[in-house]
Amino acid sequence: VKGGATTVFSIGGEQLFNSSVDAAGGDLDVVSDDVEITSEVRSAGGLFTLRPRDPSTPIVIGGPGGSGAGFFELDVNELALLGNGFREIIIGSDQTGAEITIGDVNDSTAEVVFRDPLRILNSKSGGEIHVVNKLIGEEDAYLFVVGSGFTTTLSADIVQGSSISIDDSILIDGDITLTSNTGNVALGGSLGRFIGGLQDSTDDTLTVNAPSGSVRF
């Protein structure tokens, strides 16, 4: 399938991409109960927005698959089918207030890799984000998070080719390193956000590397 215009999918049930899609720079907007991608999806210069119809539906990004009914999941194999070149991959919306898990909760050694900039929007009540695997943005990819304030928990490192921005309260779980290879790092963001450890029996540390940019808390 090829096309240059904005492509919008809005359905009940699962949205299936079982043949190659090239929107040729147009935007792709998926609104459904879940998504399944079995063939390459690309749109060089376009936006790819994915969000569940119910803004409180739990979202799993980069897991092993098989979360089952009641989850909106973009698993690790589906991420590999997103063609390089999207202007941004956007998950959620300004109405989303969900539990978002990035990675595989049963495999602490796994990695979640994006080749394009990633924007996560989860600002409504009930919104929380858990980064459980190393989150990598290759080349010029960046990470931009807008959370609810309650909270983003970092249990694994984040490495981005460009900037890292987390506008949310942040909990550090273990020894965590954030690295922006060529951009800036901004943490906390809006008034009233906090950064702290889990306050359990183990020490929590945060190291921030931005060799070519600035760091702001």
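Draft legend 1. Geometry of empty space enclosed by the protein. Taken as a whole and assessed by the stated rule, the structure comprises three cavities of 30 Å³ or more. Computed from the structure, the largest cavity encloses a volume of approximately 50 Å³. Taken together, Leu79, Leu82, Ile89, Val113, Phe114, Arg115 and Asp116 make up the lining of the largest cavity. When the residues that make up the lining of the largest cavity are grouped by side-chain class, the tally is five nonpolar, no polar and two charged.

Draft legend 2. Region of interest: the packing of aromatic side chains. Counted under the stated rule, the structure contains two aromatic pairs. With a centroid separation of 6.3 Å and an interplanar angle of 85 degrees, the aromatic rings of Phe17 and Phe48 are classed as edge-to-face. Residue Phe17 is located in strand β2 (residues 14–17), and its partner Phe48 is located in strand β7 (residues 47–52); the two are separated by 31 residues in the primary sequence. Between Phe48 and Phe86, the aromatic rings sit 5.3 Å apart at their centres with planes inclined by 20 degrees, giving stacked as the arrangement. With Phe48 in strand β7 and Phe86 in the loop between α1 (76–79) and β10 (88–92), this residue pair connects regions lying 38 residues apart in the sequence. Taking relative accessible area as the criterion, Phe48 reaches 0% and is therefore assigned buried. For Phe86, a relative accessible area of 2% translates into the label buried. Across the ring face of Phe144, the terminal group of Arg119 is positioned such that the distance to the ring centre comes to 4.1 Å.

Draft legend 3. Local environment of the pairing of strand β4 (residues 28–32). Within β4, five of the five residues are buried, leaving the element largely enclosed by the surrounding structure. On β4, burial covers both faces: Leu28, Val30 and Ser32 on one face and Asp29 and Val31 on the other are all buried. Alignment of β4 against β7, held across five bridges, turns out to be parallel. Bridging across to β7, Val30 finds its partner in Leu50.

Draft legend 4. Layout of the sheet that holds strand β17 (residues 152–154). Read across the open sheet, the seven strands follow the order β9-β8-β11-β14-β17-β20-β23; overall the sheet is parallel. Each edge of the open sheet is held by one strand with a lone partner, namely β9 (72–74) and β23 (195–197). Here the average twist between neighbouring strands, direction ignored, is 15 degrees. Note that strand β11 (residues 99–102) and strand β14 (residues 128–131) share four bridges and pair parallel. When the bridges of β14 are listed, Thr101 appears paired with His130.

Draft legend 5. Local environment of the pattern of salt bridges. Scanning the entire structure with this criterion turns up five salt bridges. Two residues, Arg42 and Glu40, come together in a salt bridge whose shortest N-O distance is 2.6 Å. With a shortest N-O distance of 2.8 Å, Glu88 and Arg119 are connected by a salt bridge. Of this pair, Glu88 sits in strand β10 while Arg119 sits in strand β13 (residues 118–121), and the two are 31 residues apart along the sequence. On the accessibility criterion, Arg119 (22% relative accessible area) is partly exposed.

Draft legend 6. Seen up close, the sheet that holds strand β18 (residues 158–160). The strand order β12-β15-β18-β21-β24 describes an open sheet built from five strands, whose pairing is parallel. At either margin of the open sheet sits one strand with a lone partner, and together these are β12 (111–114) and β24 (205–209). Mean inter-strand twist for the sheet, computed between neighbouring axes without regard to direction, equals 10 degrees. For strand β15 (residues 134–137) and β18, the ladder comprises three bridges, and the chain directions are parallel. Among the inter-strand pairings, Ile136 is bridged to a residue of β18, identified as Val159.

The rules behind the values
Residues numbered from 1 in each chain as written. Predicted model: local features only at pLDDT ≥ 70, side-chain atom pairs only at ≥ 80, totals over all residues. Heavy atoms only, no water. 1 Å grid on protein atoms, 1.4 Å probe; cavity = no way out; pocket = protein on both sides within 12 Å on 5 of 7 lines; lining within 4 Å. Points joined across faces, edges and corners; volume = space filled by probe spheres on them. Nonpolar A, V, L, I, M, F, W, Y, C, P; charged D, E, K, R; others polar. Phe/Tyr/Trp six-rings, centres within 6.5 Å; stacked < 30°, edge-to-face > 60°. Helix = DSSP H or I, 4+ residues; strand = E, 2+ residues; numbered from the N terminus. Buried < 20%, exposed > 50% of the residue type's maximum accessible area, 1.4 Å probe, protein only. Lys NZ or Arg CZ within 6 Å of the ring centre and 35° of its normal. Pairing = 2+ DSSP bridges. Axes fitted to C-alpha atoms, helices over the stretch in contact; angles between N-to-C directions. Salt bridge = Lys/Arg side-chain N within 4 Å of Asp/Glu carboxyl O.

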